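# Structural features, examined
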Amino acid sequence: MEEKKPNIIYYYVLIIYIVSSIVNWLPILDNNIVRILKYIIFLIIFLYEVNHFGIRYPSNFLSPKGLLLIFFAMIPGMFLSFGYESLIDIIIPFILIFIFNYKKQFYYKVLYESAKIVAIISVFSIFANYTGFLDMDPNGPWTATFGQSGFGGYRTGYSNSLFLYIPILVFWHRVKQKSVFSVEIILIFSIIFAQYISGGRAGVIASVVVLLIWLRVSLVYKIGFLSFILFASQLEVVQEQFRIQDLETSDKTLDKISSGRVVLNTYYFDKVKESPFFGYGFGKKTNMLLGTEAHIVWLRNAFNGGLFYLGFIIFIFISIYQNVKNNFTLTSEEYKLFYSMFFTTLIITFLEPNYIIGSVQGEIVYWVVISLLLKKHNPILLEDFLQSENEIQNA
């Protein structure tokens, strides 16, 4: 029986969907239409994958059983305040884990091509920021222009979404054994510069950490890069961009520097203590401070669904770590890809309200990578990547 292979149309549909994680608005189109289009593309991908390559899932908590347990834990919160988007943000990660069962090198190629397109968008936004040419106001509730945050609409979330493409490019740079003077390095720094313009500090820090630890270049280059970062951090223009000028240790100053996160998170921590078991619900609530959610993912989930629900959410990531760590079919480069993405994103979750869990359409890359690393396929070699590229070219 002839092996089923993805056709070239699906290849580009997949790229479009992965790139869409940095897109919340587009010119002319209403932002609600953009969101609906992303859901439609996701549905197309799901149906295509199931029809051609089936469904596979781990046998433990990352299976349909785990999904049902999380639904059970959400029931009290849903009765308090119903929010359908919270259901979607749980369902999509599990579905992404279940699908993508063709050759992993095919999906890695898709991720790499997606990262290249994201870098090109970053270059255009940088150009628009400094020249004003092609700079556009967003459609929807956002305030950041195209030059400030591309098609993301809001700066911090855009920077965090951009970060997820850095480990992909670093992984590809390592697998292809590229030098420091390569296309991948240009793509990486294009994305990081767009992050700098956005002012999203957490995303920039995560990108720098990945480069310093996992990029395969001479130690001399890393020391030079770190020295440049330390020098640049002292410049007034950089401190203003990242809102860290006049850094002090008082609560008032730290709250200002953190864009109000200290007061915000303190308020929600006290609220969780008042209703620790069932939370306050997943929909709109009257007891939200200034209509803004807690800016720690875990605190926000505890506030919404209670500690019982939060425990299941935490167990998702514990299960991911255990399963990937014990997947001995992975290559050393795939393990490095996992560590470079898994631990850095965990850091960001302590600085943002809905990273990874809560705005899954903005972190599609993360769940695609996790899905691939959970699959117990044969090890991926350099020759496999070359074969995959030839298959795509011949499609």
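Keep in mind that this is a model prediction, so the values were computed, not measured.

With that settled, consider unusual backbone geometry. Of note in this structure, Leu134 is not a glycine but carries a positive phi near 70°. Take Leu134: it is sitting in the loop between helix 5 (104-131) and helix 6 (146-149). A positive phi angle, close to 70°, is found at Ile356, a residue other than glycine. One can find Ile356 in the loop between helix 16 (332-349) and helix 17 (364-374). For Ile356, a relative accessible area of 1% corresponds to the buried category.

A few words now on the packing of aromatic side chains. By the definition in use, this model includes 38 aromatic pairs. Put simply, the rings of Tyr10, Tyr11, Tyr12, Tyr48, Phe53, Phe100, Tyr102, Phe106 and Tyr107 pair up and form one aromatic cluster.

Time to look at the pattern of salt bridges. Counted by the stated rule, this structure contains 8 salt bridges. Among the ionic pairs, Lys104 bridges to Glu334, the shortest N-O distance being 3.1 Å. Here the residue Lys104 occupies a position in helix 5, and Glu334 occupies one in helix 16, the gap between them amounting to 230 residues. Like Glu334, Lys104 is buried. One network of salt bridges, with partners in common, ties together Lys109, Glu113 and Lys116.

Right, let's talk about the packing of helix 10 (residues 201-214) against helix 16 for a bit. The N-to-C vectors of helix 10 and helix 16 enclose an angle of 150°; their axes lie 10 Å apart at closest approach. Looking at the two axes, helix 10 sits roughly antiparallel to helix 16. Between helix 10 and helix 16 lies a crossing whose hand is right-handed. Between helix 10, through Ala202, Gly203, Ala206, Val209, Val210 and Trp214, and helix 16, the contact on the second element is made entirely by Lys336, Tyr339, Ser340, Thr344 and Ile348. Residue classes in the contact of helix 10 with helix 16 are distributed as 7 nonpolar, 3 polar and 1 charged.

Residue position: Thr349 is located in helix 16. Residue classification places Thr349 among the buried positions, given a relative accessible area of 2%. Separated by 147 residues in the primary sequence, Thr349 and Ala202 place their C-alpha atoms 9.5 Å from one another. When neighbours within four sequence positions are excluded, Thr349 is seen to be in contact with Ile296, Val297, Trp298, Tyr355 and Ile356. Within the structure, Thr349 has its side chain in polar contact with the backbone oxygen of Leu346 (distance 2.4 Å).

Before going further, it helps to spend a moment on empty space enclosed by the protein. Counting across every chain of the model gives 1 cavity of 30 Å³ or more. Roughly 40 Å³ of volume is contained in the largest cavity. For the largest cavity, the full set of lining residues is Pro167, Val170, Phe171, Arg174, Trp214, Glu333, Lys336, Leu337 and Ser340. Residue assignment for the lining of the largest cavity shows that the elements contributing at least two residues are helix 8 (165-175) and helix 16.

Attention now moves to the packing of helix 8 against helix 9 (residues 183-198). Where helix 8 meets helix 9, the closest approach of the two axes is 10 Å, and the angle between their N-to-C directions is 165°. Taken together, the axes of helix 8 and helix 9 lie roughly antiparallel to each other. The way helix 8 lies across helix 9 gives a crossing that is left-handed. When helix 8 is examined against helix 9, the residues Tyr165, Ile166, Leu169, Val170, Trp172 and His173 are found in contact with a partner set consisting of Glu184, Ile185, Leu187, Ile188, Ile191 and Ile192. Residues belonging to the contact of helix 8 with helix 9 are distributed by class as follows: 10 nonpolar, 1 polar and 1 charged.

Cut-offs used in this document
Residues numbered from 1 in each chain as written. Predicted model: local features only at pLDDT ≥ 70, side-chain atom pairs only at ≥ 80, totals over all residues. Heavy atoms only, no water. Helix = DSSP H or I, 4+ residues; strand = E, 2+ residues; numbered from the N terminus. Buried < 20%, exposed > 50% of the residue type's maximum accessible area, 1.4 Å probe, protein only. Phe/Tyr/Trp six-rings, centres within 6.5 Å; stacked < 30°, edge-to-face > 60°. Salt bridge = Lys/Arg side-chain N within 4 Å of Asp/Glu carboxyl O. Axes fitted to C-alpha atoms, helices over the stretch in contact; angles between N-to-C directions. Parallel < 35°, antiparallel > 145°, perpendicular 65-115°, else oblique. Left-handed = near helix turned anticlockwise from the far one by under 90°. Contact = heavy atoms within 4.5 Å. Nonpolar A, V, L, I, M, F, W, Y, C, P; charged D, E, K, R; others polar. Polar contact = N/O pair within 3.5 Å; in protein donor to acceptor, adjacent residues only side chain to side chain. 1 Å grid on protein atoms, 1.4 Å probe; cavity = no way out; pocket = protein on both sides within 12 Å on 5 of 7 lines; lining within 4 Å. Points joined across faces, edges and corners; volume = space filled by probe spheres on them.

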